[in-house]
Amino acid sequence: LMYVIGLPGSYAPTGSDSPQYKFVEEALARVNRTRTPWVVVQFHTPWYNSCAHHYEEAYKARVDQEELLYSYGVDLVFNGHLHSYERSHPVFRYQVDQCGIRHIVIGDGGNYEGPAYPWREPQPAWSAFRESSFGGGLLTIYNATYAKFEWRRVACVKLHEDSNGVEHKPFEWKGQGPLGSGKCASSKDNSDQRFEAVDHVEILRDTAACPSRLRGAGTAPPGV
């Protein structure tokens, strides 16, 4: 049910004459949206990131390729790079758009350097949830039109406090159980969602409202 495209993103040329652009254009064109209705793209550096850390580092890549992904009705984009978690609403060119792409930055899992901060204020309208902590996510595809994504905090992150009560690096990971139980927030996290342990979203593919989500030549090889 899911077709995944992995890209180098901003670590390689992204213009319309680049091998990367031509590759993703060809890959999207051959997707059989009857067999694999969900299309997910992944690359390292996020296009949508409202943290001051790594802010707009992939600006050129987004300008070069966002319209292409949008025109083919890509459902989700996953990124790392930023050592925090952020999920967008469906978005296109920084505007909330029901036919846009949901961008999920999940660079918090496996990170040992401490979370990224601070978040830019105010939180943009396209940003649905953001938090500087440690966690992981699960995407579940149920059928051609319905999926769920859930992120769960595993631990809040505290700056080390020395004998004089002064906070400094390294960070200390404060385990909160599998459901992130207990109220906590990571040091320096200024997000509105910093005390939330779980982020959950239900995703519906409305092809009547967004016919681009049906786009594809249907020439994918068997099994794709």
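Above this note sits the structure.
Residues numbered from 1 in each chain as written. Predicted model: local features only at pLDDT ≥ 70, side-chain atom pairs only at ≥ 80, totals over all residues. Heavy atoms only, no water.

Draft legend 1. Seen up close, helix α2 (residues 59–71). Here α2 is 13 residues long and its end C-alpha atoms lie 19 Å apart, about the 18 Å a rise of 1.5 Å per residue gives. In the structure, α2 departs most strongly from a straight axis at Q65, where the bend amounts to approximately 45°. Buried within α2 are the following residues: A61, R62, Q65, E66, L68 and L69. If you follow the buried residues of α2, they end up packed against α1 (19–29), β2 (38–42), β3 (76–79) and β5 (91–92). G73 lies just past α2 and shows a positive phi near 65°. (Helix = DSSP H or I, 4+ residues; strand = E, 2+ residues; numbered from the N terminus. Expected span 1.5 Å × (residues − 1). Bend = angle between axes of the 7 residues up to and from the residue. Buried < 20%, exposed > 50% of the residue type's maximum accessible area, 1.4 Å probe, protein only. Contact = heavy atoms within 4.5 Å.)

Draft legend 2. A look at the environment of W151. In this fold, W151 is placed in strand β10 (residues 146–161). Residue classification places W151 among the buried positions, given a relative accessible area of 0%. Taking the C-alpha atoms as reference points, W151 and V77, separated by 74 residues in sequence, lie 15 Å from one another. Side chain to side chain, W151 and D108 meet in a polar contact 2.8 Å long. (Polar contact = N/O pair within 3.5 Å; in protein donor to acceptor, adjacent residues only side chain to side chain.)

Keep in mind these values describe shape, not function.
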